[in-house]
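Listed here are the chains, written in short residue letters.
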Amino acid sequence: MPKRFLTTTEVAKELRVSTDTVLRLIRSGSLPALRVSERLYRVPAPAFARFKSGPVARRRVVHTEVRDTADYGEGEEVGRGVPEPLARA
Amino acid sequence: MRLTSVALDDYVADLAALAERYGITLGLTDGEPLTVEIEATGSRRFTILGTLPAGRQSSNAIVEVAETWRPAGTDGYERSIYRYELLEPQRDFRRAFHRHDDDYFARRYGVVVHEHCEAPGGVAPCAHLFDPPVRDGYRAIELLMSAWVADPPDCALLPCLETV
């Protein structure tokens, strides 16, 4: 399985910048990263690929009217006492 | 958290942008808008659905961020229901954070939120797990990305609601 995240050191090497610069990118919100500890971050590989390909265009929002209501617990045993263990084929 | 209808639209757009910046591929074409559905009750709901790579195109991980916001005050809305899901066929793993059917879960377990952590192809020893509510959709995306990045957790270590 391909590697799922990069360390800040790996990102710095890829971008040819210092790790401090990478940390600044992360702290400014420019580069999405998952905080592991005070100075330790994981940069998801897809996030880094997206970062390198340029900024994300913000999508607009449209509205539509619907008659139904969403079923967020679809497939769950709700309202029937103690749920049975989930058995999914 | 309470938002006006305009702020709620901004929140949805910001959530989708964050998901895309994390590298989640949304099921939308370039420039295709996001949809906020308005129910007859006045509640507003949206689903941001996307995928993350998993090595083989046919088994991408599925990411879902879905919320319903009910009317609150004048032109205000508050998040009343959510479903945040990561489903990974390749690793036979599901991680989910839910709030729905408040009355049932409050009556049955004394909480309104629950989680799932399971191997979808097998049997989950505990159908409903507990952890604190997820603050908002931004935090949800972080949680789902963290679950995708890391090795699957030991689901047995999470507090099971069924034994409460």
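1. So, the overall build of chain A
A count of helices and strands for chain A gives three helices and five strands. When its helices and strands are written in sequence order, chain A yields β-α-α-β-β-α-β-β. Per-residue burial over chain A gives 22% buried out of 89 residues. By sequence separation, contacts in chain A at least 24 residues apart represent 34% of the contacts at least 6 residues apart.

2. Structural notes on the interface of chain A and chain B
Accessible area lost when the parts come together is the quantity often used to give the size of an interface. Across the boundary between the two partners, chain A contributes 36 residues, which contact 43 residues of chain B. The biggest single contributor to the side of chain A that touches chain B is strand β4 (residues 61-65) of chain A, with five residues. With five bridges connecting them, β4(A) and strand β3 (residues 34-38) of chain B associate as parallel partners. When the sheet's bridge partners are listed, A:His63 is paired in β3(B) with B:Val36.

3. As for the nonpolar core
Residues A:Val43, B:Val12, B:Leu15, B:Ala19, B:Val65, B:Ile141 and B:Leu144 are the most contacted members of the largest nonpolar core, which totals 45 residues. Here this core gets seven residues from one element, more than from any other, and that element is helix α1 (residues 5-21) of chain B. Apart from residues no more than four positions distant in its own chain, B:Leu144 is found in contact with B:Val63, B:Tyr84 and B:Leu86. Membership of the second largest hydrophobic core comes to six residues, among which are B:Cys117, B:Cys126, B:Ala127 and B:Leu161.

4. Considering the sheet that holds strand β3 (residues 41-44) of chain A
Neighbouring strands of a sheet are bound in pairs by backbone hydrogen bonds; such pairs are parallel or else antiparallel. Residues and elements named next belong to chain A. Spatial ordering of the open sheet is given by β1-β3-β2, a layout of three strands whose pairing is antiparallel. Unpaired on one side and paired on the other, β1 (5-7) and β2 (34-35) mark the two borders of the sheet. Sheet analysis places β2 next to β3, joined by two bridges and oriented antiparallel. Each bridged residue has a counterpart across the sheet, and for Leu34 the counterpart in β3 is Arg42. Each of β1 and β3 is contacted by helix α1 (residues 8-15), which is oriented at about 85 degrees to β1, the strand it contacts most.

5. Quick look at helix α3 (residues 137-149) of chain B
Residue and element names in this part refer to chain B. Spanning 13 residues, α3 covers 18 Å between terminal C-alpha atoms, matching the ideal 18 Å at 1.5 Å per step. Where α3 is concerned, the buried positions are Gly137, Ala140, Ile141, Leu144, Met145, Ala147 and Trp148. Buried residues of α3 fall within an arc of 160 degrees about the axis and therefore sit on the same side.

6. Regarding the environment of B:Leu28
Residues and elements named next belong to chain B. Along the chain, the position of Leu28 falls in the loop between β2 (25-26) and β3. Among the residues examined, Leu28 registers 16 C-beta atoms within 10 Å and is labelled partly exposed. C-alpha of Leu28 to C-alpha of Phe46: the two residues are 18 residues apart in sequence and 14 Å apart in space.

7. Topic: the packing of α1(B) against α3(B)
All names here are of chain B. At a closest axis distance of 10 Å, the pairing of α1 and α3 adopts a crossing angle of 20 degrees. Relative to α3, the element α1 is oriented roughly parallel. Crossing handedness for the pair α1 and α3: right-handed. Residues Leu15, Leu18 and Ala19 of α1 form the contact with α3, whose own contacting residues are Gly137, Tyr138 and Ile141.

8. Thoughts on the confidence of the model for chain B
Averaged over every residue, the pLDDT of chain B is 92; residues scoring 70 or more account for 96%. Scored by ipTM, the complex comes to 0.89, with pTM at 0.91.

9. Topic: unusual backbone geometry
Most peptide bonds take the trans configuration, and most residues that are not glycine carry a negative phi. Residue and element names in this part refer to chain B. Non-glycine residue Asp92 carries a positive phi angle of around 50 degrees. Residues other than glycine seldom take positive phi values, yet Asp101 does so here, at roughly 50 degrees. In this structure, Asp101 sits in the loop between β7 (93-99) and α2 (102-109).

The rules behind each value
- Here the residue index of a chain counts from 1 through its sequence in written order.
- Starting at A for chains and at 1 for ligands, labels are handed out in the order in which the entities are written.
- In keeping with the model being predicted, local features are shown solely for residues with a pLDDT of at least 70 and side-chain atom pairs are shown and tallied solely at 80 or more, while totals for entire chains, interfaces and linings include all residues.
- Helix and strand definitions follow DSSP, with helices as H or I runs of at least four residues and strands as E runs of at least two, each counted in order from the N terminus.
- Exposure criterion: with C-beta atoms placed from backbone coordinates, a residue whose C-beta has 20 or more other C-beta atoms within 10 Å is buried, one with 12 or fewer is exposed, and one in between is partly exposed.
- We call two residues in contact when the distance between their C-beta atoms, placed using the backbone, is within 7 Å.
- Strands are labelled as partners when DSSP assigns at least two bridges between them.
- For the purposes of this analysis, a nonpolar core is taken to be any set of buried Ala, Val, Leu, Ile, Met, Phe, Trp, Tyr and Cys residues that are connected through C-beta atoms within 7 Å.
- Axis definition: a line fitted to C-alpha atoms, limited for helices to the stretch in contact. Angles are taken between N-to-C directions and run from 0 to 180 degrees.
- Multiplying 1.5 Å by the residue count of a helix minus one yields the expected span of that helix.
- Comment: arc refers to directions from the helix axis out to C-beta atoms.
- Here is the rule for angles: anything less than 35 degrees is roughly parallel, anything more than 145 is roughly antiparallel, 65 through 115 is roughly perpendicular, and the remaining ranges are oblique.
- What makes a crossing left-handed is the near helix being turned counterclockwise from the far one by less than a right angle; a clockwise turn instead makes it right-handed.
- The predictor's confidence in any single residue is recorded as pLDDT, a number from 0 to 100.

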